[in-house]
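Okay, here's what each chain looks like letter by letter:
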Amino acid sequence: MYRLVIQAPDIETPNLKQLARLSGAGEIQAVNQQAFHLIGADIANQEAVADFCESVQHDWAFIPEDLRVGDIGLVVMDMDSTLITIECIDEIADMVGIKPQVAEITAAAMRGELDFKESLTRRVALLAGLDASALQRVYDERLKLMAGAEVMLKGFQAAGAKTLLISGGFTFFTHKLQSRLNLTRTIANELEIIDDKLTGRVIGEIVDAQRKKSELIRMREELGLRPEQVVAMGDGANDLPMLHEAGFGVACHAKPKVQAEAPYCINHVGLDGVLNYFLTP
């Protein structure tokens, strides 16, 4: 059996009752003001539930009824536009007045229209000559955590889960977030800096979709976990392989292609919505 998890900033009781009827659930339990578990839901009714939730702008997910937060052993996250609200490379580019050009390439790559490695190489090349101090300015002035990120992380960490932040972005930012958020492991691209200037190149192999997937598998196997004990979150096309590799791959405020292909989606609540899948009311 499943619990149907319904989430939104404002959920009206008649909507919950209708969803209970549509899903065949026998009981409605409140997790908090924005999240409810409908117990005993039938996953065969998923299409009707999805259509209704789209009409009322609610997030939904069918979760095996016996799963609890303590069963999740690994949480894997993308960084840009997932754990944080910005695309770091776009904000770095803004420091030299070329944000529109770089952002256009970023958006195309995240939609899956461009090869990620090629797109990153092109974007980083445009940053050549920029003073490295711009990275700290982006972190201090523009980088903000996505809504619900800290609640989500603290909830999983308190239950014993390890965390992996793997990003097609840059180590300058992932290292700072690792310390700030007590993350177990971070992996990202390293910008080459010579004489305090960005050279327009990346050191080593670029972190792409395949690398994200393979690092998730590697850490999962290190920890001796089953796929259903792994949660992964992302927003771009380069996150899809790792989302499919996790037992719970969640598209978070994602691009349309990612929403269409990911097993789970969060659109109307923050990242704490992923934690709510597994909390016991």
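Residues numbered from 1 in each chain as written. Predicted model: local features only at pLDDT ≥ 70, side-chain atom pairs only at ≥ 80, totals over all residues. Heavy atoms only, no water.

- In the annotation of an unreviewed UniProt entry, the protein chain is listed under the name Phosphoserine phosphatase and assigned to Silvimonas terrae.
- Regarding the protein chain, the UniProt comment filed under Cofactor (unreviewed entry) reads as follows: "Mg(2+)". (UniProt positions renumbered as here; feature names shortened; annotations may be inferred.)

**Topic: the environment of I6**
And then number 1: In this fold, I6 is placed in strand β1 (residues 2-7).
And then number 2: Spatially, the C-alpha atom of I6 lies 27 Å from that of I86, the residues being 80 residues apart in sequence.
And then number 3: Setting aside chain neighbours within four positions, we find I6 in contact with I11, L16, L19, Q34, A35, F36, L38, C53, H58, D59 and W60. (Helix = DSSP H or I, 4+ residues; strand = E, 2+ residues; numbered from the N terminus. Contact = heavy atoms within 4.5 Å.)

**Looking at empty space enclosed by the protein**
The method is simple in principle: a probe with the dimensions of a water molecule rolls over the atoms, and the space it marks as empty is what remains.
And then number 1: Applying the stated criterion across every chain, the model contains one cavity of 30 Å³ or more.
And then number 2: Considered as a void within the structure, the largest cavity measures approximately 140 Å³ in volume.
And then number 3: Lining the largest cavity are 17 residues, and of these D80, E87, F116, G168 and G169 sit closest to its centre.
And then number 4: Where the lining of the largest cavity is concerned, the elements lending two or more residues are α4 (88-94), α6 (116-125) and β6 (162-170). (1 Å grid on protein atoms, 1.4 Å probe; cavity = no way out; pocket = protein on both sides within 12 Å on 5 of 7 lines; lining within 4 Å. Points joined across faces, edges and corners; volume = space filled by probe spheres on them.)

**With respect to the domain arrangement of the protein chain**
And then number 1: For the protein chain, the assigned domains read domain 1 (1-66) and domain 2 (67-86 + 145-280).
And then number 2: Taken together, the contact between domain 1 and domain 2 spans 20 residues of the former and 15 residues of the latter.
And then number 3: Here domain 1 meets domain 2 over a buried area of about 1,300 Å², counting both sides, of which 50% is carbon and sulfur.
And then number 4: By the criterion of area lost to domain 2, the three top residues of domain 1 are Q7, D59 and I63, representing 35% of everything that side buries.
And then number 5: Across the domain 1-domain 2 interface, the total number found is zero salt bridges.
And then number 6: Seen at the junction of domain 1 and domain 2, the total is 12 residue pairs in polar contact (both at pLDDT 80 or more).
And then number 7: Breaking the side of domain 1 that touches domain 2 down by element, the ones donating at least two residues are β1, β2 (27-32), β3 (35-41) and β4 (59-64).
And then number 8: Considering each element in turn, the side of domain 1 that touches domain 2 owes the most residues, six residues, to β4. (Domains from an automatic or database assignment. Buried area = accessible area lost by both parts, 1.4 Å probe. Salt bridge = Lys/Arg side-chain N within 4 Å of Asp/Glu carboxyl O. Polar contact = N/O pair within 3.5 Å; in protein donor to acceptor, adjacent residues only side chain to side chain.)

**Brief notes about the pattern of salt bridges**
And then number 1: Tallied over the entire structure, the rule returns 19 salt bridges.
And then number 2: Of the charged contacts in the structure, one is a salt bridge between R142 and D94, with a shortest N-O distance of 2.7 Å. Taken together, the residues R142 in the loop between α7 (133-141) and α8 (149-158) and D94 in helix α4 connect sequence positions 48 residues apart.
And then number 3: The class of R142 is partly exposed, set by a relative accessible area of 23%.
And then number 4: Linking E205 and K117 is a salt bridge whose minimum nitrogen-to-oxygen distance equals 3.7 Å. One end of the pair, E205, is in the loop between β8 (197-203) and α10 (209-222); the other, K117, is in helix α6, and 88 residues separate them in sequence.
And then number 5: The exposure class assigned to E205 is exposed, which follows from its relative accessible area of 56%.
And then number 6: The network of salt bridges with common partners includes R185, R211, E215, R218 and E222. (Buried < 20%, exposed > 50% of the residue type's maximum accessible area, 1.4 Å probe, protein only.)

**With respect to the sheet that holds β1**
And then number 1: The sheet built from four strands is open, its strands ordered β2-β3-β1-β4 with antiparallel pairing. Each edge of the sheet is formed by a strand with only one pairing partner; in this case those strands are β2 and β4. Across the sheet, the mean angle separating the axes of adjacent strands is 25 degrees when strand polarity is ignored.
And then number 2: Alignment of β1 against β4, held across six bridges, turns out to be antiparallel. Pairing of R3 across the sheet is with I63, part of β4.
And then number 3: Along the sheet face, helix α1 (residues 13-23) touches β1, β2 and β3 and points at about 25 degrees away from the line of β3.
And then number 4: Of the strands in this sheet, β1 and β4 are in contact with helix α2 (residues 46-56), which crosses β4 at around 155 degrees. (Pairing = 2+ DSSP bridges. Axes fitted to C-alpha atoms, helices over the stretch in contact; angles between N-to-C directions.)

**Digging into the UniProt feature "domain: DUF4072" (unreviewed entry) in the protein chain**
And then number 1: In the numbering adopted here, UniProt assigns the feature "domain: DUF4072" (unreviewed entry) to residues 4-48.
And then number 2: Spanning residues 4-48, this segment combines 31% helix with 38% strand, and its end C-alpha atoms are found 12 Å apart.

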